[in-house]
Amino acid sequence: MTPRKKKPKGPEMEETLCCCEYLDRTGERSHLAACLCNCEDLDECCDRWLTCRILPPGNLERIADTFKDRLRFPWPRGAVKIDVSLLPPIILLPVFLHIAALHFLLAFIILISFPVLVLWYYYLTHRKKGRTLFFLSLGLFSLGYMYFVFLQEVVPRGHVGRSQVMMLTCGLTLMLVALFWAKRDPGYLYCQMSNEKDLCQGSSNNNNNIISSWNGLGSANGVYRAAPSGTAANSHVSGDACSLKEEPVGVTEDWCSKCRLVRPARAGHCRICGRCVKRLDHHCVWINSCVGEQNHQAFILALSLFLLTSVYGISLTLDTICKGKATIKALFYCPGVYSDYSSALSFTCVWYCAIVTSGMGYILLIQLLNISYNVTEREARIALRENSGRRLLCGMAVDTGQYNRGFLRNWIQFISLGSVTLQHSTEAIV
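Rules used in this analysis
- Within every chain, residues take consecutive numbers counted from 1 along the sequence as written.
- Note on the predicted model: pLDDT of at least 70 is required for a residue's local features to be given, and 80 or more for side-chain atom pairs to be given and counted; whole-chain, interface and lining totals, by contrast, use all residues.
- The basis for the side-chain values is all heavy atoms of the structure; hydrogens and waters are excluded.
- A run of DSSP states H or I qualifies as a helix once it reaches four residues; a run of E qualifies as a strand once it reaches two. Both are numbered from the N-terminal end.
- Helix span, as expected, comes to 1.5 Å for every residue beyond the first.
- A contact between two residues is defined here by any heavy atoms of the two lying within 4.5 Å.
- N or O atoms within 3.5 Å of each other form a polar contact, as long as, within protein, one can give a hydrogen and the other can take it, and as long as residues adjacent in sequence are counted only when both atoms are side-chain atoms.
- The definitions used throughout rest on a 1 Å grid laid over the protein atoms alone, on which a cavity is an enclosed set of points accommodating a 1.4 Å probe that cannot get out and a pocket is an open set flanked by protein within 12 Å on both sides along at least five of seven lines; lining residues are those having an atom within 4 Å of a point.
- Grid points are joined across faces, edges and corners, and a volume is the space filled by probe spheres set on the points.
- Ten residue types, Ala, Val, Leu, Ile, Met, Phe, Trp, Tyr, Cys and Pro, are classed as nonpolar, four, Asp, Glu, Lys and Arg, as charged, and the remainder, Gly among them, as polar.
- When a carboxyl oxygen of Asp or Glu is within 4 Å of a side-chain nitrogen of Lys or Arg, the pair counts as a salt bridge.
- For every residue, the accessible area (1.4 Å probe, protein chains only) is compared with the maximum for its type, and the residue is labelled buried under 20%, exposed over 50%, or partly exposed between those bounds.
- By definition, the arc is the one covered by directions from the helix axis to the C-beta atoms.
- Note on geometry: axes are C-alpha line fits, over the in-contact stretch for helices, and angles between N-to-C directions span 0 to 180 degrees.
- With respect to orientation, any angle under 35 degrees is reported as roughly parallel, any angle over 145 as roughly antiparallel, any angle of 65 to 115 as roughly perpendicular, and every other angle as oblique.
- Two helices cross in a left-handed way if the nearer one is turned anticlockwise from the farther one by less than a right angle. They cross in a right-handed way if the turn is clockwise.
- The rule is short: rings of Phe, Tyr and Trp, with Trp giving its six-membered ring, pair when the centres are within 6.5 Å, and they are stacked under 30 degrees, edge-to-face over 60, tilted in between.
- In this scheme, Lys NZ or Arg CZ marks a charge over a ring once it lies within 6 Å of the ring centre and within 35 degrees of the ring normal.
- For patch detection, residues must exceed 30% relative accessible area and be free of salt bridges, and they are connected within 9 Å for like charges or within 5 Å for nonpolar side chains (Val, Leu, Ile, Met, Phe, Trp, Tyr).
- For accessible areas, the Shrake-Rupley method is used with a probe of radius 1.4 Å. Any residue's cover is judged against the shown protein chains and nothing else.
- Residues scored as charged are limited to Lys and Arg (positive) and Asp and Glu (negative), so that His and the chain ends carry no count.
- One atom stands in for each charge, and that atom is NZ of Lys, CZ of Arg, CG of Asp or CD of Glu.
- Disulfides are defined in this document as cysteine sulfur pairs within 2.5 Å.

A. Spotlight on helix H4 (residues 87–100). Helix length check: H4, at 14 residues, gives a terminal C-alpha distance of 20 Å against a target of 20 Å (1.5 Å per residue), a fit within 8%. On its buried face, H4 sits against helix H5 (104–128), helix H6 (134–154) and helix H10 (341–372).

In structure tokens form, the structure reads like this:
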């Protein structure tokens, strides 16, 4: 008898998947054409709703999980799951803007309520400490859609020259490049392994994040090690990794109990990413990543390029649809703009860009002030909570006095972030 071939599982099955197949959350092979099959939870929900009976606990959560698992699009070597948080901005933003272009009062209501909804969703996700692609999707789609409206509604009027369109396009391209750079590694701390770097990510079930030695201070990967005072740290070595069983004696403020490592000065643990980051500033929802030592410069560059490009695009649009008026005056008074739907849509998009630009401008201003005083956003929040910092400039800036070396030296240190040469005077162990 010929032996039966074993059914492939896990990675072996993934290699045999076609573009419309995928492995569901239970590990079973499924097909996009069967996305409406085997919906017992949905059937039960409809039956109980029609018969006015109470739903069993967890029924709606299971339906939502099933929907998220089956929302996919074809891709080579298996269908790829679509994050649900990507879809609302793509659907709602054009609808809201086109409705707002119908009448002045509709524009007033929508342009006020839309930022309020975005802020409400931000505080909702921030409270749950969850990651979402909603804000990244909203930012990128807003840029693309504003550029599309500019090319479709403003450029054909003939008032904008080709060189101006090229300048706006170059600014948008450079901003996207800087945004891609800011999305890279913000400076995650790594555990020192035998010959490779393993990312130290804190979680409730992760006890394999390690530090291989406690002799001396400093290492090549930026993780400063403090020799325990009194007793040596108990460790268990298995293979290439060793995990600390107990917190070392004498290490307090720079010891991360979640990632189980000794952090360098100014490093912090991000509750959303679950990782420790060197010189952690904050977790930015607009890039869906932390802002730390490695990407803080790119983050500032992306914000600056966005503001310059947005202001330039707003001025070009207002000069076209409100001829003969200054940019600031045309933003608040442009008679007859709602008599033409094309002009109304362009004017509505201008106001949407102005609202977003104002918010991003405030973020950039706070960042520049923090850099000038050599303080991170995380350090400013801690100083205010512990009453150890001074509020300056009407409360927009906080000076902790711990790393402030003067305006010029602070900016020199910021420009040199991520370089091989470390400023030991400002980056000493806490």
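Picking up where we left off.
B. Layout of the side chain of Glu21. With respect to the helices and strands, the residue Glu21 is situated in strand S1 (residues 21–23). A polar side-chain atom of Glu21 sits 3.2 Å from the main-chain amide nitrogen of Cys18. In this structure the side chain of Glu21 is engaged in a polar contact, spanning 2.7 Å, whose partner is the side chain of Arg29.

C. The arrangement of empty space enclosed by the protein in detail. Under the criterion given, the structure shown has 3 cavities of 30 Å³ or more. Its volume calculated, the largest cavity comes out at about 70 Å³. Forming the walls of the largest cavity are Thr125, His126, Gly130, Arg131, Thr132, Ile272, His283, Cys284, Val285 and Asn288. The class makeup of the residues in the lining of the largest cavity is 3 nonpolar, 6 polar and 1 charged.

D. A look at the pattern of salt bridges. Considering all chains together, one arrives at 4 salt bridges under this definition. Linking Arg266 and Glu379 is a salt bridge whose minimum nitrogen-to-oxygen distance equals 2.8 Å. With Arg266 in the loop between strand S10 (261–262) and strand S11 (268–270) and Glu379 in helix H11 (residues 377–386), this residue pair connects regions lying 113 residues apart in the sequence. Exposure class is identical for Arg266 and Glu379. Each is buried. Its salt-bridge partner being Arg390, residue Asp399 comes within 2.9 Å of it at the nearest N-O pair.

E. Structural context of helix H3 (residues 59–70). With 12 residues, H3 extends 17 Å between its outermost C-alpha atoms, agreeing within 8% with the 16 Å of an ideal straight helix rising 1.5 Å per residue. Listing the buried residues of H3 in full gives Asn59, Thr66 and Asp69. Mapping the buried residues of H3 onto a view down its axis gives an arc of 90°, with all of them on the same face. Along its buried surface, H3 packs onto S1, helix H2 (40–50), strand S3 (72–73) and strand S4 (80–81).

F. Looking closely at the packing of helix H7 (residues 162–182) against helix H8 (residues 296–321). Running from amino to carboxyl end, H7 crosses H8 at an angle of 155°, the nearest separation of the two axes being 8 Å. With respect to each other, H7 and H8 are oriented roughly antiparallel. Helix-helix and strand crossings are classified by hand; for H7 and H8 the assignment is left-handed. Between H7 and H8, the residues in contact are Gln164, Met167, Leu168, Gly171, Leu172, Leu174, Met175, Ala178, Leu179, Trp181 and Ala182 and Ala298, Phe299, Leu301, Ala302, Leu305, Phe306, Thr309, Tyr312, Gly313 and Leu316, respectively. Along the lines of polarity and charge, the residues of the contact of H7 with H8 split into 17 nonpolar, 4 polar and no charged.

G. Examining the environment of Cys290 more closely. Structurally, the position occupied by Cys290 is in strand S14 (residues 289–291). Between the alpha carbons of Cys290 and Ile272 there is a distance of 8.9 Å; along the sequence they are 18 residues apart. Excluding its chain neighbours within four sequence positions, the residues that come into contact with Cys290 are Pro186, Cys270, Cys273, Val277, Leu280, His282, His283 and Asn295.

H. Representation of the packing of aromatic side chains. Taken as a whole, this structure holds 15 aromatic pairs when the rule is applied. Pairing Phe141 with Tyr145 gives two aromatic rings, centres 5.9 Å apart and planes at 20°, and the pair type is stacked. Residue Phe141 and its partner Tyr145 are located together in helix H6, separated by 4 residues, close to a single helical turn. Phe141 sits in the partly exposed class, given a relative accessible area of 24%. Accessibility expressed as a relative area gives 10% for Tyr145, which makes it buried. Counting every residue linked through ring pairs, the aromatic cluster contains Tyr121, Tyr122, Tyr123, Phe134, Phe135 and Trp286. Directly above the ring of Tyr188 sits Arg275, whose terminal nitrogen or CZ lies 4.7 Å from the centroid.

I. Spotlight on a nonpolar patch on the surface. Taken together, the side chains of Leu87, Ile90, Ile91, Leu92, Val95, Ile99, Leu102, Leu106 and Tyr341 define a hydrophobic patch exposed on the protein surface, amounting to about 730 Å² of accessible area. A per-element tally of the nonpolar patch places H4 first, with 6 residues. Look at Leu106 and you get partly exposed, because its relative accessible area is 34%.

J. Seen up close, a positive patch on the surface. A surface patch of like charges, here positive, comprises Lys129, Lys258, Arg271, Arg381 and Arg385. Here Arg381 is to be found in helix H11.

K. Spotlight on the state of the cysteines. Enumeration over the complete set of coordinates arrives at 1 disulfide. A sulfur-sulfur separation of 1.8 Å characterises the disulfide bridge that pairs Cys322 with Cys334. On the sign convention where negative means left-handed, the S-S torsion of about -110° between Cys322 and Cys334 marks this disulfide as left-handed. On the criterion of sequence distance, the pair formed by Cys322 in the loop between H8 and helix H9 (327–332) and Cys334 in the loop between H9 and H10 is long-range, its members being 12 residues apart. Each member of the pair, Cys322 together with Cys334, is buried.

L. Fine view of the layout of surface pockets. Reported here for the second largest pocket is a volume of approximately 540 Å³. Residue lining of the second largest pocket: 23 residues in total, with Cys35, Cys37, Cys39, Thr66 and Arg70 positioned closest to the centre. Where the lining of the second largest pocket is concerned, the elements lending two or more residues are H2 and H3. At 5 residues, the largest contribution of residues to the lining of the second largest pocket is made by H3.

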